[in-house]
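Per-entry structural report
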Amino acid sequence: MNIALRTPLTVDDYLAWARTQSDPPRTELINGQIVPMSPERVAHNRAKGKVYLALTRAIATAGIKGEVFTDGLTVPIDQHTAYEPDALVRCGEPLPPDQMKVTDPVIIVEVKSPSTAHMDTSAKLIGYFKLPSVCHYLFVDPDARTVIHHKRTADGTVAADTLTSGIIRLDPPGLTIEAAELFG
């Protein structure tokens, strides 16, 4: 029996491949393999838009220098894994316009999708918190109108709260969001 063994791609190989695609498909790199992402439902896309607007308003209100991005940018987790979160916040000077990856996100957001909910609440949750810059991971379920807010504590562990209303404090970097803003 012949089994073709593929050499795992690195994140840099993956991004180089993506640059060669005239119409790059929606993918992530998981353990060195390019994994296609399913097309989105309208509800999922609307929820991402609400998250983006809420985070953008929060940054403006707090007067923090930073950027909010929706999906499309790669977050490298390790040499062979890179995810594409639904939204993220990074602090500091703006990134160069041709950059495809964000190595220092502070806040990561995933909106619940039936096809990825398990991965979002297991492997991705663990992976994102491997990055020293990540302080908050929000898992937004627009159908149940809940947000699970995972946050890095002072001792480096991760704690979680489930909210249906009220204020979500994202400190650092010093943002506050009303949970209802994430659902519209």
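Check the entry above for the structure.
None of these values were measured; they are calculated from a predicted model.

Rules used throughout
- Residues numbered from 1 in each chain as written.
- Predicted model: local features only at pLDDT ≥ 70, side-chain atom pairs only at ≥ 80, totals over all residues.
- Heavy atoms only, no water.
- Pairing = 2+ DSSP bridges.
- Helix = DSSP H or I, 4+ residues; strand = E, 2+ residues; numbered from the N terminus.
- Core = buried A, V, L, I, M, F, W, Y, C linked by side-chain atoms within 4.5 Å.
- Buried < 20%, exposed > 50% of the residue type's maximum accessible area, 1.4 Å probe, protein only.
- Contact = heavy atoms within 4.5 Å.
- 1 Å grid on protein atoms, 1.4 Å probe; cavity = no way out; pocket = protein on both sides within 12 Å on 5 of 7 lines; lining within 4 Å.
- Points joined across faces, edges and corners; volume = space filled by probe spheres on them.
- Nonpolar A, V, L, I, M, F, W, Y, C, P; charged D, E, K, R; others polar.

With four bridges connecting them, strand E1 (residues 27-30) and strand E2 (residues 33-36) associate as antiparallel partners. The residue bridging Ile30 from the neighbouring strand is Gln33, located in E2. In this antiparallel pair of consecutive strands, E1 and E2, the connection spans two residues, and Asn31 shows a positive phi of 50°.

It is worth spelling out the nonpolar core at this point. Within soluble globular proteins, side chains that are nonpolar tend to cluster in buried spots. Counting residues in each nonpolar core, the largest one holds 25 residues, and the members touching the most others are Val51, Leu55, Val109, Val140, Ile168, Leu170 and Leu182. The set of elements that each furnish at least two residues to this core consists of helix H2 (42-62), strand E6 (87-91), strand E7 (105-111), strand E8 (136-141), strand E11 (167-170) and strand E12 (175-178). Sorting elements by how many residues they give to this core places H2 first, with six residues. Beyond its immediate stretch of four places on either side in the chain, Val51 contacts Ala87, Val109, Val111, Val140 and Leu182. Grouped together as the second largest cluster of nonpolar side chains are 17 residues, Leu73, Tyr83, Phe129 and Phe139 included.

A word on the layout of surface pockets. Over the atoms, a rolling probe the size of a water molecule traces out where space has been left empty. Taken as a whole, the largest pocket holds about 370 Å³ of empty space. Lining the largest pocket are 22 residues, and of these Met37, Ser38, Ser113, Ser115 and Thr116 sit closest to its centre. Counting residues per element, the ones that place at least two in the lining of the largest pocket are E1, E2, E7 and helix H3 (117-120). Residue composition of the lining of the largest pocket, grouped by class: eight nonpolar, five polar and nine charged. The space that makes up the second largest pocket amounts to roughly 180 Å³. Of all the elements, helix H1 (residues 11-20) adds the most residues to the lining of the second largest pocket, at four residues. Taken together, the residues that form the lining of the second largest pocket break down as seven nonpolar, three polar and two charged.

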